[in-house]
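# Observations on the three-dimensional arrangement
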Amino acid sequence: MSKAMELARHLETLHINNMYKNDFYWTWDKTDEELDAIFTVADALRDLRERNKSTRVFDSGLGISIFRDNSTRTRFSFASACNLLGLEEQVLDEKVSQIAHGETVRETANMVSFMAEVIGIRDDMFIGEGHKYQKTFIDALEEGYRDGILEQRPTLVNLQCDVDHPTQCMADMLHIIHYFGGVENLKGKKVAMTWAYSPSYGKPLSVPQGVVGLFTRFGMDVVLAHPEGYEIMPEIEEIAKKNAEQSGGSFSKCNSMAEAFKDADIVYPKSWAPFAAMEKRTKLYQQGDKAGIDALEKELLQQNAEHKDWACTEEMMSLTKDGKALYLHCLPADITGLSCKEGEVDNSVFDRYIVPLYKQASYKPYIIAAMIFLAKVKDPVKALMAMDASDELRKKF
Amino acid sequence: MSKAMELARHLETLHINNMYKNDFYWTWDKTDEELDAIFTVADALRDLRERNKSTRVFDSGLGISIFRDNSTRTRFSFASACNLLGLEEQVLDEKVSQIAHGETVRETANMVSFMAEVIGIRDDMFIGEGHKYQKTFIDALEEGYRDGILEQRPTLVNLQCDVDHPTQCMADMLHIIHYFGGVENLKGKKVAMTWAYSPSYGKPLSVPQGVVGLFTRFGMDVVLAHPEGYEIMPEIEEIAKKNAEQSGGSFSKCNSMAEAFKDADIVYPKSWAPFAAMEKRTKLYQQGDKAGIDALEKELLQQNAEHKDWACTEEMMSLTKDGKALYLHCLPADITGLSCKEGEVDNSVFDRYIVPLYKQASYKPYIIAAMIFLAKVKDPVKALMAMDASDELRKKF
Amino acid sequence: MSKAMELARHLETLHINNMYKNDFYWTWDKTDEELDAIFTVADALRDLRERNKSTRVFDSGLGISIFRDNSTRTRFSFASACNLLGLEEQVLDEKVSQIAHGETVRETANMVSFMAEVIGIRDDMFIGEGHKYQKTFIDALEEGYRDGILEQRPTLVNLQCDVDHPTQCMADMLHIIHYFGGVENLKGKKVAMTWAYSPSYGKPLSVPQGVVGLFTRFGMDVVLAHPEGYEIMPEIEEIAKKNAEQSGGSFSKCNSMAEAFKDADIVYPKSWAPFAAMEKRTKLYQQGDKAGIDALEKELLQQNAEHKDWACTEEMMSLTKDGKALYLHCLPADITGLSCKEGEVDNSVFDRYIVPLYKQASYKPYIIAAMIFLAKVKDPVKALMAMDASDELRKKF
């Protein structure tokens, strides 16, 4: 029996009725079985592709992407996922559209969606804004569908908001699952999700939040470490705590990178912005207070520079389990001596982990494809089995 | 019998031999039966899509879009139409190409068209220029095809020029036809195509011109209303008059919004630029007279601001037939108190008509697809029937 | 027997095992039989397309393009070639990606390639840089493929580097082959690859280098003519000499356009930058010496302006074989009195050759498609025969 077939059989055992015609905002909205289904379908689609089986679900249809922040990895992952399923990506570029002059999100959402099957949105710039935008967009589509304006209801894939970065963290997790030889081997593993210094101080909180919100569900001991002032959103810490209780793992916090790295099986050192300051910045932007923003940025750069010792050095790595913890990063990393003078990680450490790091990234297109697949395909088990049995090839010759 | 099948049978009764390998510039170039064919094919493609039938005509081939002005709706409509038929959209972005330095339109046209099936062009900025550009482009392709440079002759779909906006007005019309339960119910309906105030004074004339040039063909009483100085092109008024005579309707003009709205069944209040001033502006641009342009724009803004009472308010709407005329707009509208301080329409009016307005917009992808289909498919009746009978699905699972 | 079938039979006689899973940097890396294979497949794909046969190899997969310089012709040729084979083009736009801040080429290359089958790169701006970038990019993919990061190894198509412009020169050559009725008729034909004046002085050397590096392989007498100071890379001259010896043709140089044009069967007058100055410019750029660049550019413009007599005038054309040499250009040309005051070619000359010039350009999509095809299809003979025999149509109706 093929791997895809085995995975389809596993999928059959999961309760996932709620996924069809649904959206993907945050991992903590989803049940354990729903996340399992995404991992399962991602692996199945990968197996089918590797065995040169066609995985086209659609003969026509668009996948719309909206990137309100720069992107390479996620952009190409989304485009790849759409293409794999037979959808054509169309970018909604707010600069070359007519959207500027006061058009409502409701209108834009409907106008681009007449033939869209999926909307992928990255909006991670401002605390309290990114998720709201995605929600408003999808509410408008739900309404449009109910009112008979849209013939199909496009599904949302959150390509990073201010709260979570689910396609990233799910890809990270699938990488870990395979690295450790199965989800059953994760219990008791220690994960250090730590802040790290970077010359650019304003990175989104969605990765650390996504990681503690997701990794705590697998019975692991998740430690969140950062200098004072770099707290993440308290709601997410609450979620992490509850997850840990339910999964039999733990969630703890500390203000020392070394303590977090001590005996860790997995480390994820990464820069992010101070939450309270980000909230202040969002307000200053809303008020259009340019002087205030400049003053705040100066202050933040100073605060930031005080923590250059939060770096994933060789010394730091030697503290981990056998000195060989799995190093994770969502990429691109700020690499000391390569991409910047002082950054998140030593070049020698980064370089040693390049192959697993790139493999980590390779799961994202499949995670996204699985999210679309489960939201769009009524009987995903049957569909996988049909693809497995079909003699339609991805590459004919 | 399916709806698509019924529509195919109706298509069979129409004289449309001239549409194959032809272009779509203006609605008044087309016979009544040709327009009927477009509505019919648009409805048939929609029915096929709703019934999950594949409507792919092409296995490969490009649809080239050239937007010399901003666009969201039309851009996505064109991309959707191409995708629905199996073509991949490619945008010719004049900024990132080598076109700048004096390359002729003839050359560009041929260079991008070796594998193109359709060219969609929006060029609506300057009076006397937009249509000319489209014509030059297509003449070059015709020549290229005759000379054996091109293996196929791409068809033109006018995505808005300085004269007409046929994909918009055809979509508007198909909306009206369905709203009133059939084309036979339109006779004697009163349509008010009126100017309305907007803070941005320079919008193209192609929508009002397209509307009076098309709507007068259906036996309706079309009233064109605007303040003095906002005349449309006299040639188009002539066309509207002739159309009205032939169709048994009427075409009249007045300088009062209230008079136009009185007992109207349909209202289309929309800002446009003063024609004479636009002609002047085009000349100033050609002369590169920046000071002249600035002076003219100032003058126009002043003139414009004198007509803030031309707004589709609740009071104005109450004058219409039972106070319930169908409100149309090509979108985005300038909505008073929502997208601007004082605009084309009251927020409460706009909001009440959102569902029909968005439905109006939903016809555009199908209208464009129908235009391509009829220009490219030799036997459209047979093709629709084959699609209807086929078990190729749009969405396989 | 169809033309495609005949071509497939010819392909069967060629030794091309090395092409599968290989890349295309420069024509001089390839054997004569390999170049023959590309011409053969290009012609076969064209014949199949003209006969409305589907030439889809791929059911899904991306073609990534990276244009570090402007492009229209090559951009659309690449997009067309991808589309013809079933790949969706995705543009890697370095401006809207996260690449800016020090990300390595190795990382970017892997990140965009998880589902990519081909990478097309134009990087022709700086001597010594363009080829290096392509090589680094592909080495990273080779490594990624070996390390199991990538499931398939994308092939490179050089869309112009600082050294060669193989898709252009191969298209030029295929045009010549058809123009003269077969490759066997080229022996002894005289080709004048000459510099010509253009107001923009900094054009890449890749076209003249590509032409002398390729055309000398067909037994022709290739003359390279330019003013002093406009030498091409000496390595390429060496290649041209060796080619000429082997093919029984000749390669010579002179500093007179008239001498080169004398009795020529083919002329290719085109502006390019002085090589030594380009090297200097590259260094100044690397040093960030803006004043130095400005001074150099001024000097170059002066030097350039001394050679306005290097123009393809009617007088110059009258010197060629029967006054009727085949005029070639990669386009866009700088046309005297049309696109500039004084340029590379008289308007009357250019205009007389427009049809063959555009036909010359029409081969590029097929040349690119053939390069992809031969790198990706394991048994190209069988694939062409299957396509020829299949009843899958490119355009169904």
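Residues numbered from 1 in each chain as written. Chains lettered and ligands numbered in written order. Predicted model: local features only at pLDDT ≥ 70, side-chain atom pairs only at ≥ 80, totals over all residues. Heavy atoms only, no water.

Our next topic: the overall build of chain A. If you tally the helices and strands in chain A, you get 16 helices and 11 strands. Taking 397 residues into account, the globule formula puts the C-alpha radius of gyration at 21 Å, and chain A, at 21 Å, falls close to it. Counting only C-alpha atoms and orienting by the principal axes, one finds that chain A spans roughly 55 × 55 × 40 Å. Burial statistics for chain A: of 397 residues in total, 65% are counted as buried. Restricting to contacts in chain A with at least 6 residues of sequence separation, those with at least 24 account for 83%. Positive and negative side-chain charges in chain A, numbering 47 and 61 respectively, have mean positions lying 3 Å apart. (Helix = DSSP H or I, 4+ residues; strand = E, 2+ residues; numbered from the N terminus. Rg over C-alpha atoms; globule rule 2.2 N^0.38 Å. Buried < 20%, exposed > 50% of the residue type's maximum accessible area, 1.4 Å probe, protein only. Contact = heavy atoms within 4.5 Å. Lys, Arg positive; Asp, Glu negative; His and termini not counted. Charge placed at Lys NZ, Arg CZ, Asp CG, Glu CD.)

Moving on: the relation of the copies chain C and chain A. Superposition of the two copies of the chain requires a rotation about an axis and a shift along the axis. Mapping chain C onto chain A leaves a residual RMSD of 0.0 Å; the transformation is a rotation of 120° accompanied by 0.0 Å of translation along its axis. Such a combination of turn and shift is consistent with a three-fold rotation axis. Using C-alpha coordinates, one finds that chain C approaches the rotation axis most closely at C:Glu88, a distance of 4.6 Å. Mapped onto chain A, only 5% of the interface residues of chain C are again interface residues, and the two copies thus contact each other with different surfaces. (Least-squares fit on C-alpha atoms with pLDDT ≥ 70 in both.)

Summarizing the sequence annotation, UniProt attributes the feature "domain: Aspartate/ornithine carbamoyltransferase Asp/Orn-binding" (unreviewed entry) to residues 212–372 of chain A in the numbering used throughout. Secondary structure across residues 212–372 of chain A divides into 50% helix and 13% strand, with the first and last C-alpha atoms of the span separated by 24 Å. (UniProt positions renumbered as here; feature names shortened; annotations may be inferred.)

Attention now goes to the pattern of salt bridges. Going through the model one piece at a time under the given rule, you end up with 76 salt bridges over all chains. Measuring nitrogen to oxygen at the nearest pair gives 3.0 Å for the salt bridge that ties A:Glu342 to A:Lys308. Taken together, the residues span a long stretch of sequence, with A:Glu342 in the loop between strand S10 (335–336) and strand S11 (345–346) and A:Lys308 in the loop between helix H11 (290–305) and helix H12 (314–318) at a distance of 34 residues. Owing to a relative accessible area of 35%, A:Lys308 belongs among the partly exposed residues under this scheme. The closest approach of N and O atoms between B:Asp47 and B:Arg51, which form a salt bridge, is 2.7 Å. Connected through shared salt-bridge partners, A:Asp23, A:Glu142, A:Arg146 and A:Arg153 make up one network. (Salt bridge = Lys/Arg side-chain N within 4 Å of Asp/Glu carboxyl O.)

This part covers the sheet that holds strand S6 (residues 221–225) of chain C. Either a parallel or an antiparallel arrangement is found when strands of a sheet pair, and the pairing is made through backbone hydrogen bonds. Residue and element names in this part refer to chain C. Read across the open sheet, the 5 strands follow the order S7-S6-S5-S8-S9; overall the sheet is parallel. At either margin of the open sheet sits one strand with a lone partner, and together these are strand S7 (250–254) and strand S9 (326–327). Contacting S6 and S7, helix H8 (residues 234–247) crosses the sheet at an angle of about 140° to S7. (Pairing = 2+ DSSP bridges. Axes fitted to C-alpha atoms, helices over the stretch in contact; angles between N-to-C directions.)

Here we come to the packing of aromatic side chains. Scanning the model with the defined rule gives 27 aromatic pairs over all chains in all. Here B:Tyr327 and B:Tyr353 contribute two aromatic rings whose centre-to-centre distance is 5.8 Å and whose plane-to-plane angle is 50°, an arrangement assigned as tilted. Residue B:Tyr327 is found in strand S9 (residues 326–327), and its partner B:Tyr353 is found in the loop between helix H13 (347–352) and helix H14 (354–362); the two are separated by 26 residues along the sequence. When sorted by exposure, B:Tyr327 lands in the same class as B:Tyr353, which is buried. Note on C:Phe39 and C:Phe218: the rings are 6.5 Å apart at their centroids and 55° apart in plane angle, and the pair reads as tilted. One end of the pair, C:Phe39, is in helix H2 (residues 32–50); the other, C:Phe218, is in the loop between helix H7 (206–215) and S6, and 179 residues separate them in sequence. Here C:Phe39 matches C:Phe218 in class, with each residue buried. Grouped by ring-pair contacts, the aromatic residues A:Trp195, A:Tyr230 and A:Trp310 constitute a single cluster. A:Arg75 extends its terminal NZ or CZ atom over the ring of A:Phe67, reaching a point 4.7 Å from the ring centre. (Phe/Tyr/Trp six-rings, centres within 6.5 Å; stacked < 30°, edge-to-face > 60°. Lys NZ or Arg CZ within 6 Å of the ring centre and 35° of its normal.)

Let's shift gears to the pairing of strand S1 (residues 62–67) of chain C. All names here are of chain C. Summarising burial for S1: 6 of the 6 residues are buried, a large majority. In S1, alternate side chains face the same way, and those of Leu62, Ile64 and Ile66 on one face and Gly63, Ser65 and Phe67 on the other are all buried. Bridge analysis of S1 against strand S3 (residues 116–123) gives 6 bridges, and the strand direction is parallel. Across the sheet, residue Ile64 finds its bridge partner in S3, namely Ile119. Where S1 meets strand S2 (residues 88–91), 4 bridges bridge the pair, whose relative direction is parallel. From the neighbouring strand, Ile64 faces S2, where its bridge partner is Gln90. The parallel pair S1 and S2 is bridged by helix H3 (residues 73–85), and the resulting crossover is right-handed. (Right-handed = clockwise from strand over helix to strand, strands pointing away.)

What the largest pocket holds in volume is close to 1800 Å³. Lining the largest pocket are 49 residues, with A:Asp93, B:Val91, B:Asp93, C:Val91 and C:Asp93 positioned closest to its centre. Put simply, the parts of the chain that give the lining of the largest pocket at least two residues each are helix H3 (73–85) and strand S2 (88–91) of chain A, strand S1 (62–67) and strand S2 (88–91) of chain B together with S1, H3 and S2 of chain C. Partitioning the lining of the largest pocket into residue classes produces 16 nonpolar, 9 polar and 24 charged. (1 Å grid on protein atoms, 1.4 Å probe; cavity = no way out; pocket = protein on both sides within 12 Å on 5 of 7 lines; lining within 4 Å. Points joined across faces, edges and corners; volume = space filled by probe spheres on them. Nonpolar A, V, L, I, M, F, W, Y, C, P; charged D, E, K, R; others polar.)

This next bit is on the sheet that holds strand S6 (residues 221–225) of chain B. Residues and elements named next belong to chain B. Strands sit in the order S7-S6-S5-S8-S9 across an open sheet of 5 strands; the sheet is parallel. Each end of this open sheet is capped by a strand with a single partner; those strands are strand S7 (250–254) and S9. Together, S6 and S7 form the strand contacts of helix H8 (residues 234–247), whose direction differs from that of S7 by roughly 140°.

Turning our eyes to something else, we now look at the relation of the copies chain A and chain B. Note on the copies: chain A fits chain B at an RMSD of 0.0 Å, the axial shift is 0.0 Å, and the rotation between them is 120°. Interface residue correspondence from chain A to chain B reaches only 5%, placing this contact among heterologous pairings that use different surfaces.

Turning our attention to the pairing of strand S5 (residues 190–195) of chain C. Residues and elements named next belong to chain C. For S5, a buried count of 6 out of 6 residues is recorded, marking the element as mostly surrounded by other parts of the structure. Both faces of S5 are covered, namely the face carrying Lys190, Ala192 and Thr194 and the face carrying Val191, Met193 and Trp195. Here 5 bridges tie S5 to S6, and the two strands are oriented parallel to one another. By the bridge assignment, Thr194 is partnered in S6 with Ala225. Taking the sense of rotation as the criterion, the β-α-β connection linking S5, H7 and S6 turns out right-handed. Across 5 bridges, S5 lies against strand S8 (residues 266–270) in parallel orientation. Considered in S8, the bridge of Thr194 is made with Pro269.

Turning to unusual backbone geometry, a few remarks are in order. Between B:Leu331 and B:Pro332 the backbone carries a cis peptide bond, its omega angle lying at 0°. Within the secondary structure layout, B:Pro332 lies in the loop between S9 and strand S10 (335–336). Despite not being glycine, A:Gln160 shows a phi value in the positive range, around 120°. Relative to the assigned elements, A:Gln160 resides in the loop between strand S4 (155–158) and helix H6 (166–179). The class of A:Gln160 is buried, set by a relative accessible area of 7%.

Residue and element names in this part refer to chain C. Two elements in contact, helix H6 (residues 166–179) and H7, have axes separated by 9 Å at closest approach and are oriented at 50°. One finds that H6 runs oblique with respect to H7. Seen from above, H6 lies across H7 with right-handed handedness. Within the contact between the two elements, H6 uses Gln168, Cys169, Met170, Asp172, Met173 and Ile176 and H7 uses Val207, Gly210, Val211, Leu214 and Phe215. In terms of residue class, the contact of H6 with H7 is made up of 8 nonpolar, 2 polar and 1 charged. (Parallel < 35°, antiparallel > 145°, perpendicular 65-115°, else oblique. Left-handed = near helix turned anticlockwise from the far one by under 90°.)

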